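Structural overview for review
Chain by chain, the residues run as shown.
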Amino acid sequence: MSTEIYSCREGQELKQGKLDYSDIEDRETAEIDAKRRCKLDPFIKKVAYYKVAADGEFRMFFSYTNPNCKPVPKARPAGAASAARKPAPAKKPAPKPGLLARLMNSIGIK
């Protein structure tokens, strides 16, 4: 007899989650393992343990819902990152020389 372990994230069906195989046979060991998995990956929402017999029959013997689950970060499309940035501010033109500087320029004194 083997054990299938399903771990899913927020908004994901249990069967769509990650599947692992183990030889865990009892609830106490399953609970310790579930807490360890949730600590390693804080985005896991639920972990379920199913005993699978050789003839294909299965039954769930333990499930754990992570009370400290973090929401899954939303993936941004590749083009959205550059489109979301503001354009660089335009450089201001250099200020015009004052009256005294213009007079000195016209006379030829620098």
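Residues numbered from 1 in each chain as written. Predicted model: local features only at pLDDT ≥ 70, side-chain atom pairs only at ≥ 80, totals over all residues. Heavy atoms only, no water.

**Notes on the overall build of the chain**
When you go through the chain residue by residue, the secondary structure sums to three helices and four strands. In the chain, the succession of α and β elements from N to C terminus is β-β-α-β-β-α-α. Against the globule reference of 13 Å for 110 residues, the chain gives a C-alpha radius of gyration of 32 Å, more extended than a compact globule. Principal axes of the C-alpha set define a box for the chain whose edges measure 105 × 25 × 20 Å. Counting over 110 residues, the chain shows a buried share of 25%. For the chain, the proportion of contacts with a sequence separation of at least 24, taken over those separated by at least 6, is 53%. Averaging the coordinates of the 22 positive side-chain charges in the chain and doing the same for the 13 negative ones gives two points 27 Å apart. (Helix = DSSP H or I, 4+ residues; strand = E, 2+ residues; numbered from the N terminus. Rg over C-alpha atoms; globule rule 2.2 N^0.38 Å. Buried < 20%, exposed > 50% of the residue type's maximum accessible area, 1.4 Å probe, protein only. Contact = heavy atoms within 4.5 Å. Lys, Arg positive; Asp, Glu negative; His and termini not counted. Charge placed at Lys NZ, Arg CZ, Asp CG, Glu CD.)

**Side note on helix α3 (residues 99-107)**
Among the nine residues in α3, zero count as buried, and that is only a small part of the element. Two residues or fewer after α3 comes G108, characterised by a positive phi angle close to 105°.

**Here we look at the pairing of strand β3 (residues 44-52)**
One face of the sheet, then the other: side chains in a regular strand alternate in exactly this way. Burial analysis of β3 places seven of its nine residues in the buried class, which makes it a mostly covered element. The pairing of strand β1 (residues 2-9) with β3 spans eight bridges and is classified as antiparallel. When the bridges of β3 are listed, R9 appears paired with I44. Bridging between β3 and strand β4 (residues 58-65) involves seven bridges; their strand directions are antiparallel. Paired with V47 across the two strands is Y64, which belongs to β4. The hairpin formed by β3 and β4 contains five residues between the paired strands, and G56 there has a positive phi angle of roughly 95°. (Pairing = 2+ DSSP bridges.)

**Comments concerning the pairing of β1**
With six of eight residues buried, β1 is to be regarded as a mostly interior element. By the bridge criterion, five bridges tie β1 to strand β2 (residues 18-22) in an arrangement that is antiparallel. Residue pairing in the sheet places E4 in a bridge with Y21 of β2.

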